[in-house]
Amino acid sequence: MTSWIRRRDHNIFANATSLLICGLLAGVVVAAAAFPAAAMSGLAAKAGGKTFADLPSELKTFSSPQITRIYASDNKTQIAQFYDEFRSDVALKDMSKYMAAAIVAAEDREFYHHNGVDLKGVARAVVSNNNGKSGKQGASTITMQWVRMSLAYSATNPQEVVDATKDTPKRKITEMKYAIQVEKELGKDAILERYLNIAPFGNQAYGVFAASQIYFNKKPKDLTIGQAAMLAGIVKAPTSFNPTSQEGYDQILQRRNNYVIPGMVEMGAITQAEADKAVKETLPRQVKPIGNGCVSVAKNAWGFFCDYFYRWWMGREEFGETAYDRERRLKSGGYRITTTMDIKAQDAARKNINDKISDKDKNALLIAAVEPGDGKVRALAANRRYKLDDPAHPQNKISSDPKKAKKGILGTYPNTTNPLLSGGGDITGYQAGSVFKMFTMVAALEKGYPLGYTINAPVRYKSGYIINSSNPSACAGTHFWCPGNAGEGEAGVYNMWTGFGNSVNTFFVPLEERAGAENVVAVAKRFGVQFRVSYPDATFANDPVSANQWGAFTLGVSASTPLDMANAYATLAGDGMYCEPTPIEQIATQDNEKLDVGKSHCIRATSADVARAALDAARCPVGDSAQLGQCHGTTAGQTHGVVKHPVFGKTGTTDSDKTAALIAGTTSLVVAGYLVNPDYQDHSDRMSHGIVNPAVWNTLGDFMDGKPKVQFKTPDNKKIAVGDQRSIPDVTCDSIDSARSRLEGAGFDVSVGGETDSSCPAGTAAGTDPSGRTIKGGVVVIQKSNGKDNKPDPPTAPGQPTVGPTRPRR
């Protein structure tokens, strides 16, 4: 207790008298303050006495709304804050000593000399109000005011709020009864601390912490005499004493200088000299704008991550049964939430996006980054400003969707709050092309097909999938789907290393047939693809019969988001464990209790050996070397050189280059980038890998810079790579028919290739590709001799067939 406070009177007679008088006043005096004394005194005394005795004396436990703060993964950098009332409780010891003195001088100068009810003040108010003097006197002590606000905040229904705040004799009686009990249980300092933390100070400031921030941009402990006196003076009527309005400025200046500060001198809290100096302190005419929610993030580039967190919170039943309950809990719970956002990864993603495309471009470059093994979302970035476009002064351009453009509807660039990267609302995702081939590879491995399994991929493959015969991709005169490759030169014999490295459609469609399209779709579901489009995506995905005929699925015709696919590829790097993506590292309450919500939740999506094997093949597209086989061909070969770590990934492109994608990852981070048009996906632009690829590999490279190199794990069962190897019969100089018969008899899939230099007679078998040994049931190509006795090329390594051209495919 500070030195200026006189010792509280604990005289038994005085206390007993106070309670007796208070009991009488509760029934008579307070009622008289509201009703004509002559007409109502007898009845009021009888009813009031009963009411006072029957009232409960203990307040309900409550917590006033507190600010929830959101931090980056370093647990230091604040991203955003959420609140219904801008308030954050602070201990009295952490407030300026002048603040306590000022509030007592402004609101209740007898605070340290009464037991919760100021009897003289009540009597004075009764006399004043019944004499018809202008302006009612309330005689509410600081304790009674705190009781009133406590009852309002602890209310469980609207009527309780009305009862706690409506100006009636019953409310006054209630406040008195509770105030007396509170004074018995709490010390004066504890009451003062609670009051200063709950009181409204205007301009969205609740409690002294918020007021110090909004009006003076400082901590409560640093308030000067003049500043503390101004804040204390506001509490009586925050709207009237608002210093940001001219009328309010004049009124609070007068109240501070002529009432509060002189009161502090009178109480002995400050000297006259200090008061003379304090009245010269200037008052603020403007207040600090206080951000609320994701539209007010500390850095705009963090907005999409903040939005992802907010949508995650709103989808969790642990925080309430309804969306309203969840939002109230977020905005009033006072949580300290440490998110998974990595500042280095997030800022690198935004920088690399900025280097390749403007925020004003109608096409969106979207980058999501996920940590393998735990699903922690480390970055979400786009070439968009996260903000609501002002309809009065719009910055957004007309929509690129012709139908919307005709109606004058604006597009979502450069400003939007749509969840472009994570999906939700109207955002169902984007077709991303060949990145989906990974699911086919996993399904095939699960079915027992090893990485070395070979298929002779033609220029155009006649599949067993039935489509409309009028579809351009149907085989001529049939209803069978006949997909082709990016170029005719890609025809040839491939295994999973080379087929994935060159992204050969006519390898993966027959592989999908062998594995079963419904099983490929099932893998995608296990790996977290959401299938947000109701038809055909969700319809086919949830019906195995329909999925069995979804041949185009392997080519990435189903919508997905960058976050979906970053996490799907992270499942490979996580040894086949699918971890639900999460923005949460830790949620702590005001009491520093750690909530077990949002932690990594992982389930096995495929075996560790299958994941490791698929990842080994996925090193080929991005220029790395496989550990179990050999890569021939890349589609984003610069990735490995930029990242300078063991890396895996895949490119993707849709028909007519309407989207372009690259996913690249290490043991530490998987980054997925999409270049799309969110407003109109049926556009005519050709999306460039020259934009999306560098943004992805540079983001990953920036994040990995300085980190130790960690090699990927290999399968325990090496047969998942090479399979059951069989010897290939030597058919050199046999007739073609004889060679075919011998090879087919050995269990191989035989075809005849082109001519090659050989000493064997022209038209006979010069040899096979591969030679020596290969996988059981694998493709063996008979090389036809041209009869020219030139030295033949050295044979390929056993089990490694010659692949088609390695021309990069986007």
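Undergrad: Requested: an account of the overall build of the protein, with residues and values cited.
TA: Across its full length, the protein carries 29 helices and 25 strands. Taken over 810 residues, the protein has a buried fraction of 54%. Relative to all contacts within the protein whose residues are 6 or more apart in sequence, the contacts with residues 24 or more apart total 72%. Summed over its atoms, the accessible surface of the protein is roughly 34400 Å², and 50% of this surface lies on carbon and sulfur atoms.

Undergrad: Go over the pairing of strand β1 (residues 68-71), please, and point to the residues and values.
TA: Because side chains alternate across β1, one face comprises the buried residues Thr68 and Ile70, and the other comprises Arg69 and Tyr71, equally buried. In this structure, β1 lies alongside strand β5 (residues 336-339), joined through 3 bridges in parallel fashion. When the bridges of β5 are listed, Arg69 appears paired with Arg336.

Undergrad: Summarise helix α18 (residues 437-446); cite the residues concerned and give the values.
TA: Most of α18 is tucked away, with 9 of its 10 residues classed as buried. Looking at α18, one finds that the buried residues are Lys437, Met438, Phe439, Thr440, Met441, Val442, Ala443, Ala444 and Leu445. The positive-phi residue at the C-terminal boundary of α18 is Gly448, with phi of around 100 degrees.

Undergrad: Residue-level account of the state of the cysteines, with values.
TA: Under the counting rule described, the total for this entry stands at 5 disulfides. Each sulfur of the disulfide joining Cys294 and Cys306 lies 2.1 Å from the other. Handedness here is read from the sign of the S-S torsion; for Cys294 and Cys306, about -80 degrees, the answer is left-handed. With Cys294 in the loop between α13 (272-278) and α14 (303-314) and Cys306 in helix α14, this pair connects stretches of sequence that are 12 residues apart. Between the sulfur of Cys620 and that of Cys631 lies a disulfide, 2.0 Å long from S to S.

Undergrad: Before we move on, could you go through the packing of helix α4 (residues 97-107) against helix α11 (residues 225-234) and cite the residues and values that matter?
TA: The N-to-C vectors of α4 and α11 enclose an angle of 40 degrees; their axes lie 8 Å apart at closest approach. Classed by the angle they form, the pair α4 and α11 counts as oblique. Like other packed secondary-structure pairs, α4 and α11 cross with a definite hand, here right-handed. Between α4, through Tyr98, Met99, Ala102, Ile103, Ala106 and Glu107, and α11, the contact on the second element is made entirely by Ile225, Ala228, Ala229, Leu231, Ala232 and Gly233.

What counts and what doesn't
- Residues numbered from 1 in each chain as written.
- Predicted model: local features only at pLDDT ≥ 70, side-chain atom pairs only at ≥ 80, totals over all residues.
- Heavy atoms only, no water.
- Helix = DSSP H or I, 4+ residues; strand = E, 2+ residues; numbered from the N terminus.
- Buried < 20%, exposed > 50% of the residue type's maximum accessible area, 1.4 Å probe, protein only.
- Contact = heavy atoms within 4.5 Å.
- Areas by Shrake-Rupley, 256 points an atom, 1.4 Å probe, with all protein chains shown as cover.
- Pairing = 2+ DSSP bridges.
- Disulfide = S-S within 2.5 Å.
- Axes fitted to C-alpha atoms, helices over the stretch in contact; angles between N-to-C directions.
- Parallel < 35°, antiparallel > 145°, perpendicular 65-115°, else oblique.
- Left-handed = near helix turned anticlockwise from the far one by under 90°.

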